[in-house]
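Read off the chains here:
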Amino acid sequence: MDGNGRWAKQRSHPRVWGHVRGSAVVSTIVEEADNLGIEALTMYAFSSENWSRPQTEVRVLFNLLFKFLKKERERILKNNIRFRIMGDVSNLPEQTKKLIAQLEGETAHHTGLKLTFAFGYGARSEIAYAVNRFMKANPGKEMSEDDLNEFLMIPDLGDVDLLIRTGGDHRVSNFMLWQIAYAEMFFTETKWPDFTVTEFRFIIEQVAKRERRFGAIAPTANLETNVIVARENQRLIRG
Ligand code: IPE
Ligand code: MG
């Protein structure tokens, strides 16, 4: 979700104004993902590199997370959404941590949309974390790809089918590096506060037309109706 700061600057507002506007967009996209029946939606809200931003901006981002959780709690519960945070939240204010733990607990048994906020997240550190935990649990054993999958922060998120980056930069910026091996990538110039449900749907439709071969010659999966179909196929192929 990139481009908040530039969006605000273009309008002669402070950067944090862009984050405030951007957080409203988060709600609309979550709702749409839920309506579309998408299995998992992971939003990159705060990277481990974002800690180096000015303290006031960091505090605004914390605050917006807190507000989002308070505002969306009822809807998350009502819609069977499974909410989780992926990343290091140890530096968040106590009341935010409490709210997160509460909502994660309350939705642990939910079977609908897997809604994950990557917060204080970095993919390299996630991979190192997985390797270390595996080694501790299996001293002297060689690690397989399946082992690594199993020891990631949230293993059941599986592989990423589609990665969307807003804001015009064509970078991955340490996001789910292991899980995006075969992801379709979509980069849009739209800055996050201007991102709409219409564009979200358009991107999914565009990507659904691309043929995914997973390195094979014949198509093994085609995203025809929506991304879930591909994810199910992928699972069947892997066994
Ligand atoms: C939002 O956009 C990303 C977050 C860290 C929430 P930015 O704050 O990176 O905005 P730009 O890239 O400076 O425009
Ligand atoms: Mg940015």
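Thresholds, definitions, all that
Residues numbered from 1 in each chain as written. Chains lettered and ligands numbered in written order. Predicted model: local features only at pLDDT ≥ 70, side-chain atom pairs only at ≥ 80, totals over all residues. Heavy atoms only, no water. Core = buried A, V, L, I, M, F, W, Y, C linked by side-chain atoms within 4.5 Å. Buried < 20%, exposed > 50% of the residue type's maximum accessible area, 1.4 Å probe, protein only. Helix = DSSP H or I, 4+ residues; strand = E, 2+ residues; numbered from the N terminus. Contact = heavy atoms within 4.5 Å. Axes fitted to C-alpha atoms, helices over the stretch in contact; angles between N-to-C directions. Parallel < 35°, antiparallel > 145°, perpendicular 65-115°, else oblique. Left-handed = near helix turned anticlockwise from the far one by under 90°. Nonpolar A, V, L, I, M, F, W, Y, C, P; charged D, E, K, R; others polar. UniProt positions renumbered as here; feature names shortened; annotations may be inferred. Polar contact = N/O pair within 3.5 Å; in protein donor to acceptor, adjacent residues only side chain to side chain. Pairing = 2+ DSSP bridges.

## Quick look at the nonpolar core
Phase 1 of the analysis: Among the nonpolar cores identified, the biggest contains 36 residues, and Val-30, Leu-115 and Phe-117 are the most heavily contacted of them.
Phase 2 of the analysis: Within the residue set of this core, elements represented by two or more residues are α2 (15-36), β1 (40-47), α3 (55-78), β2 (82-86), α4 (94-106), β3 (114-121) and α7 (197-209).
Phase 3 of the analysis: Examining the composition of this core, we find that eight residues originate from one element, α3, more than from any other.
Phase 4 of the analysis: Setting aside its immediate chain neighbours within four residues, Phe-117 contacts Val-26, Met-43, Leu-65, Phe-68, Phe-83, Arg-84, Ile-85 and Met-86.
Phase 5 of the analysis: Grouped together as the second largest cluster of nonpolar side chains are 14 residues, Ala-118, Leu-157, Met-176 and Ala-183 included.

## A look at the packing of α3 against α4
Phase 1 of the analysis: Here α3 crosses α4 at 20 degrees, and the two axes come no closer than 10 Å. If you check the angle between α3 and α4, you find them roughly parallel. Remark: the crossing between α3 and α4 carries left-handed chirality. Contacts from Leu-65, Phe-66, Leu-69, Lys-70, Arg-73, Ile-76 and Leu-77 of α3 reach α4 at Gln-95, Thr-96, Leu-99, Ile-100, Gln-102, Leu-103 and Glu-106.
Phase 2 of the analysis: Tallied by class, residues from the contact of α3 with α4 come to eight nonpolar, three polar and three charged.

## Thoughts on the UniProt feature "active site" (unreviewed entry) in the protein
Phase 1 of the analysis: As recorded in UniProt, the feature "active site" (unreviewed entry) lies at Asp-2 and Asn-50. Across 49 residues, the annotated set stays spatially compact, with a maximum C-alpha separation of 12.0 Å.
Phase 2 of the analysis: Take Asp-2: it is sitting in the segment before α1 (4-10).
Phase 3 of the analysis: Asp-2 has contacts with Arg-165, Thr-166, Gly-167, Asp-169, Thr-190, Lys-191 and Trp-192, leaving out every residue within four places of it along the chain.
Phase 4 of the analysis: A polar side-chain atom of Asp-2 sits 2.9 Å from a polar atom in the side chain of Arg-165.
Phase 5 of the analysis: Note on placement: Asn-50 falls in the loop between β1 and α3.
Phase 6 of the analysis: Among the residues examined, Asn-50 registers a relative accessible area of 15% and is labelled buried.
Phase 7 of the analysis: Of note is the side chain of Asn-50, whose polar atom sits 2.8 Å from the backbone nitrogen of Ser-47.

## Focus on the sheet that holds β3
Phase 1 of the analysis: Pairing in this open sheet of three strands is parallel, and the strands run β1-β3-β2 from one edge to the other. Sheet topology places β1 and β2 at the edges, where each strand pairs with a single neighbour. Averaged over all adjacent pairs, the angle separating strand axes in this sheet is 15 degrees, with direction ignored.
Phase 2 of the analysis: In terms of strand pairing, β1 meets β3 through seven bridges, oriented parallel.

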